[in-house]
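What follows is the residue order along each chain.
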Amino acid sequence: MRHLIETSDLSVDEIDHILAKATKFLTTLDSQKTIAASKQPESKTAIPHQSLANKNIITIFFENSTRTLSSFECAIKNLGGSVTRLDVSRSSTSKGETMSDTAANLNAMSPCAIIIRHQSSGAPVHLTKSVSCPIINGGDGAHAHPTQALLDLLTLKQCLGQNLEGKKIGIIGDIKTSRVANSNIELLQRYGIKLTLIAPPHFLPNHTNLPYTHNIRDVIDDLDGVISLRTQTERHSKQNYGSLRDYAHNFCLTRALVGDKNLIIMHPGPVHHNIDIEDELLKDPRCKVLQQVRNGVAVRMAVLEFFILEAKG
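Starting from 1, residues in each chain are numbered consecutively following that chain's sequence as written. Under the rules for a predicted model, residues below a pLDDT of 70 receive no local features and side-chain atom pairs below 80 are neither given nor counted, while totals for whole chains, interfaces and linings still include all residues. Working from all heavy atoms in the structure, the side-chain values ignore hydrogens and water.

**Notes on the sheet that holds strand β4 (residues 135–140)**
Cut-off, in case you're wondering: Pairing between strands is defined by DSSP: at least two bridges between the two strands are required. The secondary structure listing takes helices from DSSP runs of H or I that are at least 4 residues long and strands from runs of E that are at least 2 residues long, numbered from the N terminus. Axes here mean lines fitted to C-alpha atoms, for a helix over just the part in contact, with angles spanning 0 to 180 degrees between N-to-C directions.
With parallel pairing, four strands are arranged side by side in an open sheet as β2-β1-β3-β4. Only two strands of the sheet have a single neighbouring strand rather than two, namely β2 (82–86) and β4. Going across the sheet, the axis of each strand differs from the next one's by a mean of 15°, ignoring polarity. As judged from the four bridges shared by strand β3 (residues 113–118) and β4, these two strands associate in the parallel manner. Across the sheet, the residue bridging to I116 is N137, located in β4.

Quick look at the structure:
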């Protein structure tokens, strides 16, 4: 039984396979949309094969989510599967039920996979000890968010070309507490991308072998793309900057900063408007935030098919 806890759980060949599958799904979904808009009868070729028909997947999110939860559930339904969403606020975890007991009870319902998000790093790994189906990590604490990194990689390939060797990407913001940053740092370097971390000192990891700077203006001219991150105030034990406005003065991506540079701008969401990215820049065609969201559904379709139907281990 294989699980997707972090990006290192997949080989490069497997990642390429998943992204190729996701690209085909995007084409199919676009065909469906075109048919729906023209009000023509659907053709069989425009309907995704219902590979998860009669299969039930459980989603259990202990943290709030818009994009990840919704895109996983859309992905399941696109493939003909059914979703059981555990409402954590009404579950027995509020009565003191342990994670192991929750996992064992969910497993007794015979799901084909369980997708979990949890505020504690390592929670998905703990779950794997009590289940007999794949666990897909939808984000755990400040540890990992593998499907976000996969959809980011697909977006970069769409925008910068299939060969990313030598491309220069800056990751800017609250890197220290970002599971998205951790997953992207592991994954993107395997594709030859040169990363630079951009953040105030208290937002940088305690230990890093990557080049870093506290001033985006020092590196912006050399970058092919920027992945902006949210300031994750909920993970800070205390406020470690004067104010979000002070932070934004130095690290918000703006039209004035970007100018006419040939680069792309990404963000995993939710975007703190005018803190992470200026509103006007969010409307710029170089901003790929909504393209990332679109890619997220297809990537998660591919991930679910792979781990439920294909992965051996």
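**Examining the packing of helix α5 (residues 146–160) against helix α6 (residues 179–190)**
To keep things clear, this is the line we draw: Oblique is the label for every angle not falling under 35 degrees (roughly parallel), over 145 degrees (roughly antiparallel), or within 65 to 115 degrees (roughly perpendicular). In this scheme the handedness of a crossing depends on how the near helix is turned from the far one: anticlockwise by less than a right angle means left-handed, clockwise means right-handed. Any two residues having at least one pair of non-hydrogen atoms within 4.5 Å are treated as being in contact. All residues other than Ala, Val, Leu, Ile, Met, Phe, Trp, Tyr, Cys, Pro, Asp, Glu, Lys and Arg, Gly among them, are scored as polar; the first ten of these are nonpolar and the last four charged.
Two elements in contact, α5 and α6, have axes whose closest approach is 8 Å; the angle formed by their N-to-C orientations is 55°. As summarised for this structure, α5 and α6 are arranged oblique, according to the angle between their axes. For the pair α5 and α6, the crossing hand works out as right-handed. Within the contact between the two elements, α5 uses P146, Q148, A149, L150, D152, L153 and L156 and α6 uses V180, S183, N184, L187 and L188. Per-class residue counts for the contact of α5 with α6 are eight nonpolar, three polar and one charged.

**Things to note about the packing of aromatic side chains**
Which entries qualify depends on this criterion: Between 30 and 60 degrees the pair is tilted, below 30 it is stacked and above 60 it is edge-to-face, where a pair is any two Phe, Tyr or Trp rings, Trp via its six-membered ring, whose centres lie within 6.5 Å. Residue exposure (1.4 Å probe, protein chains only): buried if accessible area is under 20% of the type maximum, exposed if over 50%, otherwise partly exposed. Charge over a ring is defined by NZ of Lys or CZ of Arg lying within 6 Å of the ring centre and within 35 degrees of the ring normal.
In this structure the tally under the stated criterion is three aromatic pairs. Judged by centre distance (5.3 Å) and plane angle (20°), the rings of Y247 and F251 are stacked. A residue pair is termed a helical-turn pair when its members lie 3 or 4 positions apart in one helix, as Y247 and F251 do in helix α7 (residues 244–251) at four residues. Overall, Y247 belongs to the buried group, its relative accessible area being 5%. Between R300 and the ring centre of F72, over which it is positioned, the NZ or CZ distance is 5.1 Å.

**Things to note about the environment of T196**
For T196, the location among the structural elements is in strand β6 (residues 194–198). T196 sits in the buried class, given a relative accessible area of 15%. Sequence spacing of T196 and L150 is 46 residues, and the spatial spacing of their C-alpha atoms is 19 Å. Apart from the residues lying within four places of it in its own chain, the contact partners of T196 are I169, G170, I171, P211, Y212, T213 and V219.

**Some details on unusual backbone geometry**
In the segment running from G269 into P270, the intervening peptide bond is cis, with an omega of -5°. Assignment of secondary structure puts P270 in the loop between β9 (264–266) and α9 (279–282). One non-glycine residue, N54, lies in positive phi territory at about 65°. In the Ramachandran plot, N274 falls in the positive-phi region, its phi being about 65° despite a non-glycine side chain. Mapping N274 onto the fold places it in the loop between β9 and α9.

**Concerning the nonpolar core**
Spelled out, the test is: What makes a nonpolar core is a set of buried Ala, Val, Leu, Ile, Met, Phe, Trp, Tyr and Cys residues whose side-chain atoms join them at distances within 4.5 Å.
In terms of nonpolar packing, the biggest core is built from 79 residues, with L156 and I171 touching the most fellow members. It is helix α10 (residues 289–310) that contributes the most residues to this core, 10 residues altogether. With 15 residues, the next largest nonpolar core counts I5, I60, F62 and I116 among its residues.

**Some thoughts on the packing of helix α2 (residues 67–78) against α10**
Where α2 contacts α10, the axes come no closer than 8 Å and their chain directions differ by 55°. When the axis of α2 is compared with that of α10, the two are oblique. Classified by chirality, the crossing of α10 by α2 is right-handed. Contact residues: R67, T68, S71, F72, C74, A75, I76 and N78 in α2; V293, G296, V297, R300, M301 and L304 in α10. Of the residues contributing to the contact of α2 with α10, the split by class is eight nonpolar, four polar and two charged.

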